[in-house]
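So the chains spell out like this:
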Amino acid sequence: MLAKYWKKIGMLILIIACVFNIMGKLVNKLSLNKEMLYSAEYMYENKENEKNENKTN
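Fair warning: this is a prediction, and the values are worked out from it, not measured in the lab. (Residues numbered from 1 in each chain as written. Predicted model: local features only at pLDDT ≥ 70, side-chain atom pairs only at ≥ 80, totals over all residues. Heavy atoms only, no water.)

Trainee: Any chance you could break down the overall build of the chain for me, citing the residues and the numbers?
Mentor: Across its full length, the chain holds two helices and zero strands. Relative to the globule expectation of 10 Å for 57 residues, the C-alpha radius of gyration of the chain, 24 Å, shows a markedly less compact shape. Along the longest, intermediate and shortest principal axes, the C-alpha atoms of the chain span 75 × 25 × 10 Å. Counting over 57 residues, the chain shows a buried share of 0%. For the chain, the exposed area adds up to about 6,000 Å²; of that, 65% sits on carbon and sulfur atoms. Across the chain, the centroid of the 9 positively charged side chains sits 23 Å from that of the 6 negatively charged ones. (Helix = DSSP H or I, 4+ residues; strand = E, 2+ residues; numbered from the N terminus. Rg over C-alpha atoms; globule rule 2.2 N^0.38 Å. Buried < 20%, exposed > 50% of the residue type's maximum accessible area, 1.4 Å probe, protein only. Areas by Shrake-Rupley, 256 points an atom, 1.4 Å probe, with all protein chains shown as cover. Lys, Arg positive; Asp, Glu negative; His and termini not counted. Charge placed at Lys NZ, Arg CZ, Asp CG, Glu CD.)

So far we have only geometry, and geometry alone does not tell us how the molecule works.
Structure, rendered in structure tokens:
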């Protein structure tokens, strides 16, 4: 019986794996607001570091 339906079983397993992969990425994705805040903090820290480096030189 397994030999007769191996393609369908393989496709079902593949589809289930893809759905779990997509759902995992959607659940763990950061919101746009958090991404913007993290980017702003990163840019601010870089600017502060550049100012400190210029003062020491």
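Still more to cover.
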